Amino acid sequence: MDERDELGSLEVYNTVWPHHAVTMDAVHSFRDSAQDYIDYLVREDGVIVGSGAGAIFGYRARRVVTLITVLAGQRRRGAGTALYEAISLWASERGQRELEVAVAGDDPESLAFAQRRGFTEERREVGLVLSLTGLSPADVQPPAGIEIVTWAQRPELARGMYEVDLEAHSDIPGFEDVTVEPFEDWMAHNIQRPADSPEATFIALAGQEVVGFAKLSLTAPTAAGHAITAVKRAWRGRGIARALKATEINWALAHGYTELHTSNEERNTPIKRLNARLGYRPGIELIHLVGPIARATA
């Protein structure tokens, strides 16, 4: 795609997913994080009515993460099917047989579209929103012996963050089978993307040991996302995660953001409770489904 097509595709996505609206930097972050990537447009009389993308990531290399968006007034006319078939063909050429799609909980039409094609639910994430308008700074109280620093202040701590993620990632419900990429790939695909910032990446230190970290994803002009909060198992239950998330809130407030977004897998009880205590309120649920490529390409 050229720049004009990219902008048209982004406009379709943000129209269909206003609660997940993103910037072009976020699109490039998603693309650049992938091992392989494709995107498509559907036009009618020269007007873009739908867009789709397929991406293969190192952490789950035998699955194609798939985005299919069709404008509401253009559905049931074949655009979604055409995108599904095109991404399926691309996936088949790479030896892939499984696609993952995400459907908003308030979009039964798209859910039915996926289910008719053999997709089944794998996990659910509850979208959460924290309005920062009029909010006072959060009280940051790390436990005794814990210091919170930014990655910008301590760039040498990247390996320590990686070690935390190696331990913590498989504890996230729905990600038990995920393989964390080698360090250099993890760096490029997780904390050095256009939407990432060393100043908005926060590290919990016990002496010189990295025991936890959290990162904001700067995906929209006025809304940022809690991308990850991870704490080593031996250090959980002490308030480290709360201190990290409170620090993120204060950073967003200081830099003019009006909302913070995050999501919780519905089985992740500890983080759900923490977000509720911090003032997050439920938004739109996201249903992740897994299913086959289109039969014609199988």
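Whatever comes next refers back to the structure up there.
Anyway, here's the lowdown on the structure attached to this text. These numbers come from a predicted model, not from an experiment. (Residues numbered from 1 in each chain as written. Predicted model: local features only at pLDDT ≥ 70, side-chain atom pairs only at ≥ 80, totals over all residues. Heavy atoms only, no water.)

What follows concerns the overall build of the protein chain. The helix and strand inventory of the protein chain stands at eight helices and eleven strands. Relative to the 2.2 N^0.38 estimate, which gives 19 Å for 298 residues, the radius of gyration of the protein chain is 20 Å and therefore close to what a compact globule would have. Once the C-alpha set of the protein chain is aligned to its principal axes, its extents read approximately 60 × 40 × 35 Å. Taken over 298 residues, the protein chain has a buried fraction of 49%. (Helix = DSSP H or I, 4+ residues; strand = E, 2+ residues; numbered from the N terminus. Rg over C-alpha atoms; globule rule 2.2 N^0.38 Å. Buried < 20%, exposed > 50% of the residue type's maximum accessible area, 1.4 Å probe, protein only.)

Taking 1.5 Å of rise per residue, 15 residues should cover 21 Å, and helix 7 (residues 240-254) covers 21 Å from first to last C-alpha, within 8% of that figure. Listing the buried residues of helix 7 in full gives I240, A243, L244, K245, A246, T247, E248, I249, W251 and A252. (Expected span 1.5 Å × (residues − 1).)

Phi at D45 is positive, roughly 55°, even though this residue is not glycine. Backbone geometry places R76, a non-glycine residue, at a positive phi of 65°. Its location among the elements puts R76 in the loop between strand 3 (64-70) and helix 3 (79-93). Relative accessible area serves as the criterion here: at 73%, R76 is assigned to the exposed category.

Our focus in this paragraph is the pairing of strand 4 (residues 98-104). Counting buried residues in strand 4 gives five out of seven residues, a clear majority hidden from the surface. Two strands pair when backbone bridges link them, and strand 3 and strand 4 are joined in this way by three bridges, in the parallel orientation. Within strand 4, the residue paired with V65 across the bridge is E100. Each parallel crossover has a hand, and for strand 3 linked through helix 3 to strand 4 it is right-handed. Note: strand 4 against strand 11 (residues 281-292), seven bridges, orientation antiparallel. (Pairing = 2+ DSSP bridges. Right-handed = clockwise from strand over helix to strand, strands pointing away.)

Following both chains from N to C, one finds helix 7 and helix 8 (residues 269-277) inclined at 45°, their axes separated by 11 Å at the closest point. The angle between helix 7 and helix 8 places the two elements in the oblique class. Where helix 7 crosses over helix 8, the handedness of that crossing is right-handed. Counted together, A241, R242 and K245 of helix 7 and I271, L274 and N275 of helix 8 form the full contact between these two elements. When grouped by side-chain class, the residues that make up the contact of helix 7 with helix 8 number three nonpolar, one polar and two charged. (Axes fitted to C-alpha atoms, helices over the stretch in contact; angles between N-to-C directions. Parallel < 35°, antiparallel > 145°, perpendicular 65-115°, else oblique. Left-handed = near helix turned anticlockwise from the far one by under 90°. Contact = heavy atoms within 4.5 Å. Nonpolar A, V, L, I, M, F, W, Y, C, P; charged D, E, K, R; others polar.)

A separate point is the packing of aromatic side chains. Scanning all chains against the criterion turns up ten aromatic pairs. Between F30 and F57, the ring centres sit 5.4 Å apart and the planes meet at 70°, which makes this aromatic pair edge-to-face. In this pair, F30 sits in helix 2 (residues 24-33) while F57 sits in the loop between strand 2 (47-56) and strand 3, placing the two residues 27 residues apart along the sequence. Judged by relative accessible area, F57 falls into the buried class, the value being 7%. Ring centres 6.0 Å apart and planes at 65° place the aromatic pair Y84 and F119 in the edge-to-face group. Here F119 lies in the loop between helix 4 (108-116) and strand 5 (120-131) and Y84 lies in helix 3, a separation of 35 residues in the sequence. With a relative accessible area of 7%, Y84 lands in the buried category. Among the aromatic residues, those joined into a cluster by ring pairs are F30, Y37, F57 and Y59. Here the guanidinium or amino end of R159 rests over the ring plane of F183, the centre of that ring lying 3.9 Å away. (Phe/Tyr/Trp six-rings, centres within 6.5 Å; stacked < 30°, edge-to-face > 60°. Lys NZ or Arg CZ within 6 Å of the ring centre and 35° of its normal.)

Time to look at the sheet that holds strand 4. Spatially, the eleven strands line up as an open sheet ordered 1-2-3-4-11-5-10-9-8-7-6, and their pairing is mixed. Edge positions in the sheet fall to strand 1 (36-44) and strand 6 (146-150), since each of these pairs with one other strand and no more. Put simply, the sheet's adjacent strands are angled 25° from each other on average, direction ignored. In terms of strand pairing, strand 5 meets strand 10 (residues 259-265) through seven bridges, oriented antiparallel. Residue pairing for strand 10: S131 is matched across the bridge by E259. Helix-sheet contacts for helix 8 involve strand 5, strand 10 and strand 11, and the interaxial angle to strand 10 is about 155°.

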